[in-house]
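Summary of structural features
Take a look at the letters that make up each chain.
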Amino acid sequence: MANDVLDTLRKDINEIDAELLVLLAKRRRISHSVVEYKISNNKPIRDEQRELILLEKLIAYGKSLGLDSYYVNNVFQTIIEDSVLHQQAMLQQSLNPDALNETNRVAYLGGQGSYSQLACHKYFSRRAGKLVELGCDSFSKITHMVETGQADYGLLPIENTCSGSINEVYDLLQHAQVSIVGELTQSVEHCLIAQPGVELNEITKVFGHPQPFAQCSQFIQTLGEMQLAYCDSTSSAIQEALKTKNSAAIASAQAGKNAGLEVIKSAVANQPDNHSRFIVVARKAMQVSKQIPTKTTLIMATAQIAGALADALMIFKQQKINLVKLESRPVPGNPWEEVFYVDLEANLAQNNVKRALEELKEVTEYVRILGCYPSESMKAVQVINNDSLVEE
Ligand SMILES: C=C(O[C@@H]1C=C(C(=O)O)C=C[C@H]1O)C(=O)O
């Protein structure tokens, strides 16, 4: 194919992509108007029935145009997720006008290229206010910045699909004077990156944060005698890899590219589907609309007697509250004593949740609400079992 033919075809693709963007922006504007209607009419933000009908229709129409169902389904699940999360953010901002800042000063781990920075951009891109980034070198610095008013928000990774709960963050939440006001999930695609042209066999030292090392433990084992150097963030690991040719870092491909590094090996995490869940903390708690799927996180200590934890958990069952995560951590200074962190699908404004908390006080030694916040772990509606998704 002559070059000019390829150029013409690519020009056509560029034009179509630009048109798609114009339409996506138009769809988002309409979705913003829908939220205004939902606010005035007290309707839930998410309408799964409408999503299902929409997806089924689109899949059928896509088929008639020669597009396969999985493709249409994936594209529109992404579009709908964006629409719902934007609506949630708008509703939350209208409900908490005090929290509307001209600037959002956000403390997070690392700097340029850290996964926390990606998560920070993702979360605040949906919110009004100019983002002011405050990169920190430790998790405790992040909560300290929020507690002392040097930052409006802090962003902390709390769990990862490969390495599990991030204990350091859980422990910090025991005493930090902050409230959880949001959450988000960020995909984490670890790569081994180094200076351009360097081959894997030339690398003698790999830099990384302990979390990525844990999430890539199987790949690290294949490196044999390789020297591992722990850094306080992925951004510092990148800085180290920039210093010498024989060094590499575990980071995202994009972060490496921004720093002028190249990917030696991609997809080095233990599981291909690697995601981290982050929490957003602020000094003051926020109100969450009942129109939004909500989570409440609390910390509790039960007596050291048989059945004490079971009694506490039974309350959630009786009040029909879904428990989505239970984590236990030791109490510093009190050997063999544990505190429990509980994530509930619950809003503090609901009467059954208020009742559960009252009853919980009776059967536990200590309870504290860490936060009530909009859930952003959005479960996609399942058209997958529908016949329309099965290709004939
Ligand atoms: C836009 C709406 O809000 C949400 C987003 C949808 C979408 O983007 O298509 C569909 C249903 C709702 O979950 C709506 O209710 O129509």
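Quantities reported herein were computed from a predicted structural model and do not represent experimental measurements. Per-chain numbering applies: the sequence of each chain, read as written, is numbered from 1 onward. Residue-level local features of this predicted model are given only where pLDDT is at least 70; pairs of side-chain atoms are given and counted only at 80 or more, and the full residue set underlies all totals for whole chains, interfaces and linings.

**A closer look at the environment of Ala 251**
Elements are defined by DSSP. Helices are runs of H or I of four residues or more, strands are runs of E of two residues or more, and each kind is numbered from the N terminus. On the secondary structure map, Ala 251 appears in strand S9 (residues 247–251). Three exposure classes are used, based on other C-beta atoms lying within 10 Å of a residue's own C-beta, which is placed from the backbone: buried for 20 or more, exposed for 12 or fewer, and partly exposed in between. On the neighbour-count criterion, Ala 251 (32 C-beta atoms within 10 Å) is buried. Placed 62 residues apart in sequence, Ala 251 and Glu 189 show a C-alpha to C-alpha distance of 7.8 Å. Two residues qualify as a contact pair if the distance between their C-beta atoms, derived from the backbone, is within 7 Å. Dropping the residues within four chain positions of it, Ala 251 is found in contact with Gly 113, Cys 191, Ile 193, Thr 234, Ala 237, Ile 238 and Gly 256.

**Topic: the site of the ligand**
We count a residue as near a molecule or strand when its backbone-placed C-beta atom lies within 6 Å of that partner. What surrounds the ligand is the set Ser 31, Val 34, Arg 46, Asp 47, Arg 50, Glu 51, Leu 54, Ile 80, Ser 83, Val 84 and Gln 87. Where the shell around the ligand is concerned, the elements lending two or more residues are helix H1 (3–41), helix H2 (48–64) and helix H3 (69–95). The element that contributes the greatest number of residues to the shell around the ligand is H3, accounting for four residues.

**So, the environment of Arg 29**
Tracing the backbone shows Arg 29 in helix H1. A residue is classified by how many C-beta atoms lie within 10 Å of it, and Arg 29, with 9 of them, is exposed. On a C-alpha basis, the gap between Arg 29 and Met 300 in space is 43 Å, while along the polypeptide they are 271 residues apart.

**Let's talk about the UniProt feature "domain: Prephenate dehydratase" (unreviewed entry) in the protein**
When the UniProt feature table is mapped onto this chain numbering, "domain: Prephenate dehydratase" (unreviewed entry) sits at residues 105–283. The span residues 105–283 is 32% helix and 34% strand, and its two end C-alpha atoms sit 12 Å from each other. UniProt positions are given in the numbering used here, feature names are shortened, and annotations may be inferred rather than shown by experiment.

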